[in-house]
Amino acid sequence: MAYKINRRAVVKGMGATGLAMPFLNAATASAQSGPITLGVVTPLSGPAQLIGNFVRHGAEIGADYINANGGVNGREIQLEFRDSKVNPNDASVAARELIGAGANLQLGTISSAVALAMGPLLESEGGVVITSGAGTDKLNHENYNPHVFRVGDSPVSRNAGLVRHIANSRPDIRKWAGIIPDHEYGRTTWKIFEATMRKVIPELTGEEAEIAEPVLVPYGSGDYRNYISQAMRLDVEGIYTSVYGGDAVTLYQQSQPFGLFEKTDVLLDSANEFLVATAMREQTPAHWSGFHWYYEANKGNPLSDDLYSSYVERTGDQYPMGWAAEAHAAIMAYAKAIEKTGNTDTMDVIAALKGLSFDSATGMRHIREEDNQAIKNAELAFIEPSSSEDSGFAVTDYVSLDGEKVVEPARPGKTLDLSTL
Amino acid sequence: MIDYRARFRSNLLIASCGLAVFAVVPLVANSGLMFLAGLVAINVVFGLSWNLLFSGAGLLSFGHAMFFGGGAYAMAVVSLRLPELPFLVGLALGAGCGALIALIFGFIALRRASGVYFAVLTLAFSELVHILITKTTFLGRNDGLVGVPRPEIDLGLFRLDLTSATAYYYFIIVAMAAAAFALWCFQNSPAGRLIKAIKQDSVRTAFLGTSVFAWQLTAFVLSGAIAAFCGAVMVPFTQIASPEIAYWTVSTQPILFTLLGGAGNFWGPAVGAILFGAIDYGTRAMHGLSEITVGTLLLVVVLVIPGGLLGFVRHRRKKTRGKAKASTAGDTGARS
Amino acid sequence: MYDIGMTVFNGLAWAMATFLVAAGLTLIFGILHILNFAHGGFFMIGAYVSYSIMMAFGGSLPLWLYLVGAMASGIVVGLLGWAVDKLVFRRLRDVEDAYSLIATYALLLVCGGAVQLIWGLNYMGVMPPPALNTVVFVGDMFMPTFTIFIILSGIVAYIGLEFFISKTSTGRLIRVVAADPWMAQLLGLNVKKIYLITVIFSFAMAGTAGGLLMPNQSLSPELGGIFLLQAFGVVILGGMGSIRGAFYAALLLGLIESFGTYFFPQYPGIFFLLALAVILLLKPEGIMGKGQTA
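Residues numbered from 1 in each chain as written. Chains lettered and ligands numbered in written order. Predicted model: local features only at pLDDT ≥ 70, side-chain atom pairs only at ≥ 80, totals over all residues. Heavy atoms only, no water.

Visitor: Give a description of the pairing of strand 2 (residues 77–83) of chain A that names residues and reports values.
Guide: Every other side chain in a regular strand lies on the same face of the sheet, so the side chains alternate between the two faces. Residues and elements named next belong to chain A. With respect to burial, strand 2 is a largely interior element, six of its seven residues being buried. Relative to strand 2, strand 1 (residues 36–42) runs parallel, the two sharing seven bridges. Note on strand 2: the bridge partner recorded for Thr42 is Asp83. Crossover connection from strand 1 via helix 4 (residues 49–68) to parallel strand 2: handedness right-handed. (Buried < 20%, exposed > 50% of the residue type's maximum accessible area, 1.4 Å probe, protein only. Helix = DSSP H or I, 4+ residues; strand = E, 2+ residues; numbered from the N terminus. Pairing = 2+ DSSP bridges. Right-handed = clockwise from strand over helix to strand, strands pointing away.)

Visitor: Break down a nonpolar patch on the surface for me, citing the residues and quoting the values.
Guide: On the surface, a cluster of nonpolar side chains totalling about 510 Å² of accessible area is made up of Leu88, Leu155, Leu157, Phe158 and Leu160 of chain B. Looking at Phe158 of chain B, the relative accessible area reads 47%, which means it is partly exposed. (Patch = residues over 30% accessible without salt bridge, like charges linked within 9 Å, V, L, I, M, F, W, Y side chains within 5 Å. Areas by Shrake-Rupley, 256 points an atom, 1.4 Å probe, with all protein chains shown as cover. Salt bridge = Lys/Arg side-chain N within 4 Å of Asp/Glu carboxyl O.)

Visitor: Can you break down the packing of aromatic side chains residue by residue, with the values?
Guide: Residue and element names in this part refer to chain B. Counted according to the given criterion, the structure contains 59 aromatic pairs over all chains. Their ring planes at 75° and their centres at 5.6 Å tell us that Tyr169 and Tyr170 sit as a pair that is edge-to-face. By relative accessible area, which is 32% here, Tyr170 ends up partly exposed. Aromatic pair Phe266 and Trp267: ring centres 5.0 Å apart, planes at 85°, arrangement edge-to-face. (Phe/Tyr/Trp six-rings, centres within 6.5 Å; stacked < 30°, edge-to-face > 60°.)

Visitor: Talk me through the interface of chain B and chain C; I want residue IDs and the actual numbers.
Guide: Reports often express the size of an interface as the amount of accessible area lost when the parts come together. Contacts between the two partners involve 35 residues from chain B and, on the opposite side, 44 residues from chain C. Summed over both partners, the interface of chain B with chain C buries about 3500 Å², with 82% contributed by carbon and sulfur atoms. If you sort the residues of chain B by the area they bury against chain C, Val116, Tyr117 and Leu303 of chain B come out on top, with a joint share of 16%. The set of elements that each furnish at least two residues to the side of chain B that touches chain C consists of helix 4 (87–109), helix 5 (115–135), helix 10 (248–261) and helix 12 (290–304) of chain B. Here the residues of the side of chain B that touches chain C are counted per class, giving 27 nonpolar, three polar and five charged. (Contact = heavy atoms within 4.5 Å. Buried area = accessible area lost by both parts, 1.4 Å probe. Nonpolar A, V, L, I, M, F, W, Y, C, P; charged D, E, K, R; others polar.)

Visitor: With reference to specific residues and values, describe the pairing of strand 1 (residues 135–138) of chain C.
Guide: Strand direction decides the pairing type here: strand 1 of chain C and strand 2 (residues 141–144) of chain C, joined by four bridges, are antiparallel. What sits directly across from Val138 of chain C, in strand 2 of chain C, is Met141 of chain C.

Visitor: Pulling in residues and values, what's your account of the interface of chain A and chain C?
Guide: At the interface, 35 residues of chain A touch 37 residues of chain C. Where chain A abuts chain C, roughly 3100 Å² becomes buried across the two surfaces, and 56% of that area is made up of carbon and sulfur atoms. It is Arg225, Asn226 and Gln253 of chain A in chain A that bury the most area against chain C; as a group they hold 19% of the surface buried on that side. Taken together, the links from chain A to chain C amount to zero salt bridges. Our count for the chain A to chain C interface comes out at 16 residue pairs in polar contact (both at pLDDT 80 or more). Elements supplying a minimum of two residues to the side of chain A that touches chain C: helix 4, helix 9 (225–232), helix 10 (245–255) and helix 12 (275–280) of chain A. Element by element, the count of residues in the side of chain A that touches chain C is highest for helix 10 of chain A, at seven residues. Looking at the side of chain A that touches chain C residue by residue, the class counts come to 16 nonpolar, 15 polar and four charged. (Polar contact = N/O pair within 3.5 Å; in protein donor to acceptor, adjacent residues only side chain to side chain.)

Visitor: Could you give me a rundown of the sheet that holds strand 3 (residues 105–109) of chain A, with the residues and numbers involved?
Guide: Residue and element names in this part refer to chain A. One open sheet holds the five strands; their spatial order is 2-1-3-4-5, and the pairing between them is parallel. At either margin of the open sheet sits one strand with a lone partner, and together these are strand 2 and strand 5 (148–150). Ignoring strand direction, the axes of neighbouring strands in this sheet form an average angle of 25°. Contacts between helix 4 and the sheet are confined to strand 1, strand 2 and strand 3, with strand 2 contributing the most and set at about 170° to the helix. (Axes fitted to C-alpha atoms, helices over the stretch in contact; angles between N-to-C directions.)

Visitor: Pulling in residues and values, what's your account of the side chain of Thr26 of chain C?
Guide: On the secondary structure map, Thr26 of chain C appears in helix 1 (residues 2–32). Filtering out sequence-adjacent residues up to four positions away, Thr26 of chain C remains in contact with Val235, Gly239, Met240, Gly241, Ser242, Ile243 and Ala246 of chain C.

Visitor: Could you give an account of the environment of Pro146 of chain A, naming the residues involved and the relevant values?
Guide: Residue and element names in this part refer to chain A. Mapping Pro146 onto the fold places it in the loop between strand 4 (128–131) and strand 5. The class for Pro146 is partly exposed, based on a relative accessible area of 28%. Separated by 201 residues in sequence, Pro146 and Met347 have C-alpha atoms that sit 9.6 Å apart.

Visitor: Before we move on, could you go through unusual backbone geometry and cite the residues and values that matter?
Guide: Residue and element names in this part refer to chain A. In this model, Asn73 sits at a positive phi of 50°, which is unusual for a non-glycine residue. Position of Asn73 among the secondary structure elements: in the loop between helix 4 and strand 2. One non-glycine residue, Glu273, adopts positive backbone phi at about 50°. Its place among the elements puts Glu273 in the loop between strand 10 (266–269) and helix 12. What makes Glu273 buried here is its relative accessible area of 0%.

Interpretation note: all reported values are geometric properties and have no functional meaning in isolation.
Structure below.
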């Protein structure tokens, strides 16, 4: 899909509000009537722009939906976008600038590093952020901060959910290996995978799971062949991978001649959604992927249907990915919270968000009071190559797991306790 | 003969004007813009430190991020793990960290001081530092270190409370002014002039008995120390140290500032940093164009006005002065 | 035995892929004394052009299309090189090296942005042509045929370039100009034309390398940066302008990196850099000795 420069956004960006904003003081901007401005700080350039685009569309569609249905207490939602460049420094500058101009309620954080940085910042500057996909477990554990909310999966619900589903449907697969990116997200997801697998397999089969040492791969590298060779030496039936984005495509691509995925029965992908399938088309290896939101699984939910059809209309792309729904859900959460409090003050909104149940594209979500983590359905889909589809792939199975069953207990301020999985 | 007194006075005037503008920002703009202005001030000195090496010593460094990041992380670690250490000591440690990195890598890189080799080696070393940071657990690996506190400086007689962003902003202005002053003094000192002589003709200067290698290393170490100082001052402001500040794209910033403003003038990097800050801010809500914008801008500047803005201005003034003199004197314009 | 064998094999693969990218880089470096940052960008453009050619012919990649596509990418990028020489390099001929370096860096950014605008942000994964997408078994080592092809391509490229530089008249002219451009001009050689030929040839090599390596990894606008640092290291170590040096440096660094990650898999990417630092510490002129060109 060719990149389209949204003229509307260009004009908006250069508009009078943009230029005048530096000289507005917070007091004048956050009047309690008139439009509500929500700040969206998300990668709008650089390698993560692909994801940032989904966030942008999801947020805009969410705002349009709310405004079309009467707004929030009659007030319209407006969005101010800023580029986080996946860089905590740039993101924090953007966040501060938005707060200074009155947009103290923000969303759109994708990068875990940025999400962790937001807490102390928002606490001292006075603001709230709802993340749109940051996957670190520290967010609702040792780095818990009341000003940061996660309305999406925690890495536990996502990965433990994935594991439980596979273990339940294929308990014959006991020998597992992992190909893990060598950074925080990779290591955490592996820990969760291993702990859950080791717990569930004996429960189901009475036998132990055999889990090999994971193969740690670099990220941003062009050549994974050494690591693939390593993986080939392992005697495994299933492979779990949390390698991300372009690296995942390269990994799968380079694995093909080795036949790594033919050797194994099941391939679990933590979070790539359609990234790999759209890249590799009919060469995609058959795999399960965790999704923030899979539209087919939520057909019939008016929010989901509206999100899907608006997205397709806007972009012509048939495969929206879950980050759009996360941003969309953040808008829904803010809308309901502001409706409850009647104003946009930071502390009031925080109080309203805690314990809030709201409707989203994946059904009802409930934000836990203790650790600001939402309980929502964990969605997985099975993607297979398909010669009959234009895109080269098709989803032949999917599942939406009850969030209550897969989320970890709340332990704000403490590290993740794997024994509770 | 260069009239140093006059030069000092004119530079002091420029610096004072700049300081005044920065000092006024918190009073007229909102906290977001003030925050940006603080970062611009840090970028100014970051650029000046780079230009010390480039224009002052003739060495092109593509790896200044390692100093900036090194100083920043040193400060973050000290603030978080050793809170009993006074803040100023932390800053000194940050600068020292940069000096050490410069010493080690400069020693290797300067043996092959041919411009391009040196540049690529600094790039490679900077990448090495970046990778090491992401692999080190006590530096927070990929997530970095968050929640770095802002200090209260105890100066015996009274305490300076820098916990608010505004107070710390003023501290930044003062600290950066001091650093810029130090840089200016160095570049106009005998040592600075010697290093400039090495840049112009290293063979001749070697014949005069100076150790080219030692002086280039000195310039590199000083440049690295000041760049690290900038990083160290920045961290309590933003309250995070993440691996992105040691990534090679940060190294390209002082290059951009210097070239935009003009490498030939001491204040060139300052002009460039401020201008770039303004452009970056002006386009902040326009998404997806930054790479191509920066690239094209840099390309145009290098091809059309390699002297940067200040060089361009000076060129025009020479021209008009030359024209005026020619029209009055009637013969070839006086060289100014 | 399997392990050592596979590690050597993978090291060779890294080495030859990097050499394919670095060959053109070292040529421009030796002749024009410009370290062309944009080389990575044009390599990437070559890969994307070859991708578009594949899509134009229906989206599958038979062997003939793969090779023709790589050649075509070479031509396209070579033409781009002509434009770049005219617009950028020529103006920087008499300016300090530093400005050329910065200009090529700016060019790299422009390449990245252009690729994004033209081909979009999405990742794309292209499989090698079916004829090459098999595996060869030797004992208990399995070696993907495509990787063998890349290794062979690197070796063929090396032999071809060595021959070109040392035996052909154009090659000799290039060496003369590299050694002493002023003298060459005095002797009546058209130095400008030689420079132009070198630039076009170097860019064409980048483009061809891009086309050849397109099925090697995923395509994304970051591709330029991935190979760049590796190529730089190889060129620095191998000596300015020395094709032979680049070849040996690539082999050395490839094997070091491969064995390094075999023994210490948690530190990918570091060994290559450390090796660079250590070797340069011991032998600052690079492994080929003093400024030998081509």
